[in-house]
Amino acid sequence: MRVGSILKPDVTAWVVEMEGVHTASCRSPVTCPGCKPPVGAATIEGAVGVLRAVLDLAIEAKLIRDNPARGVRKPKRDAHVDRVLDPDEEAALLDALDRMFPGRVDAGLFVELAADTGMRWEETSAIPPSLVDTRRQRIHIAWVMERDGTARPYAKSAAGNRSVTYGDHLSARMKEAKIAAREVKGVFPGDDPGRLVFTSENGKELRYSNWHRRVWRPALQGMPERQMVKGHKFRPAVKGADLDDPQPTPHDLRHSFGTRLADEGVPLHDIMALMGHEDVRSAQRYLHSREERFDRARQALRRARGGS
C-alpha cells in the first residue's frame, strides 16, 4: 500500500487478521479447524512497531501528517514469570534429554552448556569450533544466530562480545563436539561453508522454533506413543522431565545461572561481565530470585510482629 493511503482502520484490520486463525476467504470459520496458525503477541507487537517507525519517517519527510499506527490496540503478551531451576530440576531435564535424544549435541550437551555458562540460546547455537578453547575451557562469543538460520557477526551489545567458561564435567564432551563440528552452508557471511559446534540431527543449523518444538518441549512434556506407520517404527510413550509449573523456557537457564552466581556471592560486576550485561539494572534481577530470600523476609516480619 502507498504510505499516504494507510488509515488507522487498515492497521487495526491487519492486527485482527494476524490474531485470527482463519484466512479472509474462509467460508466456514465455525466448522473449519483453522486455516493458519495465529501470530504471537510479541511478533504482532514487533510488526506494528516496524510499521510505526516507517510511518514516522514519512512524517519527517512531510509525506503524511499523522501516524495511523499509533494508538492501535494490540494483543497483550502473556506475563513471563522468571523461573529458577534448582539442581534437581536441572538434572531431571538433562536426564529427559539424554533419554529421548541420546548422543545428540543439540540436546543434552547444548542445554547443559547453556546452563553452565549463562549464554543466550542464540549465542549457544552460533559457536564456530575456532572460538572454543578446550585447553582453558573457554568460549569466545562473537556470533549470534538469527531466527532465519543466519549468523550475524556481533552480539546483542558491546558487552555481549565476551568469553565464558564451562566446568570440568563438560571438558571431554566439548572436545568431542569441537572435533565433530559440521560444515553448514549459508549461515556465515563471506565464509561459505562455515562450521558449527551445534547442529541439528541432520547437520543443519539450529533454528529456534524448530528446536523448541522438536527438542525442548518434548523434554518437558514427554512424547506420546507412536504407532507403526509407513516410514516410522513403533515408539512407546516417553516420560518428560515432569517439572512443576510454570514450565521453564530456554532463557530461564540463563536466569538460573545468574541467580546462582548471585547467591554464591559473585560480585555484580563479574556477573555483568560473564553474562554480557551493560546495564546494572539487567543484572540486579538475579539478586532477588531464590526462595531463601523470601523465607528470610517472612521470618523477619514474624519477629517484628512479636512471633518466635
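If you're wondering where the values come from, they're calculated on a predicted model, not measured in any experiment.

Conventions we followed
Residues numbered from 1 in each chain as written. Predicted model: local features only at pLDDT ≥ 70, side-chain atom pairs only at ≥ 80, totals over all residues. Heavy atoms only, no water. Helix = DSSP H or I, 4+ residues; strand = E, 2+ residues; numbered from the N terminus. Buried < 20%, exposed > 50% of the residue type's maximum accessible area, 1.4 Å probe, protein only. Pairing = 2+ DSSP bridges. Core = buried A, V, L, I, M, F, W, Y, C linked by side-chain atoms within 4.5 Å. Contact = heavy atoms within 4.5 Å.

## Looking at the side chain of Glu123
Its location among the elements puts Glu123 in helix 5 (residues 121-124). When its relative accessible area of 2% is taken as the criterion, Glu123 is described as buried.

## What about the environment of Gly71?
By the element assignment, Gly71 lies in the loop between helix 2 (41-60) and helix 3 (87-100). With 59 residues separating them along the chain, Gly71 and Thr12 place their C-alpha atoms 9.8 Å apart.

## Some words on the pairing of strand 2 (residues 138-141)
With burial as the criterion, only one face of strand 2 is covered, namely that bearing Ile139 and Ile141; the residues Arg138 and His140 on the opposite face remain uncovered. In this structure, strand 1 (residues 132-133) lies alongside strand 2, joined through two bridges in antiparallel fashion. In the sheet register, Asp133 faces strand 2, and the bridge partner there is Arg138. In this antiparallel pair of consecutive strands, strand 1 and strand 2, the connection spans four residues, and Gln137 shows a positive phi of 60°. Sheet topology note: the strand 2/strand 5 (residues 162-165) ladder contains four bridges and is antiparallel. Along strand 5, the bridge assignment pairs Arg138 with Thr165.

## Overview of the nonpolar core
If you look at the biggest cluster of nonpolar residues, it comprises 38 residues, and the most contacted ones within it are Leu93, Leu97, Val111, Leu113, Ile139, Met174 and Phe198. Broken down by element, the residue count for this core peaks at seven residues, all from helix 4 (residues 105-117). Not counting residues within four places of it along the chain, the set of residues in contact with Val111 comprises Leu93, Leu94, Leu97, Trp211, Trp216 and Leu253. Counting 12 residues, the second largest nonpolar core, distinct from the first, contains Ile6, Val15, Ile44 and Ala58.

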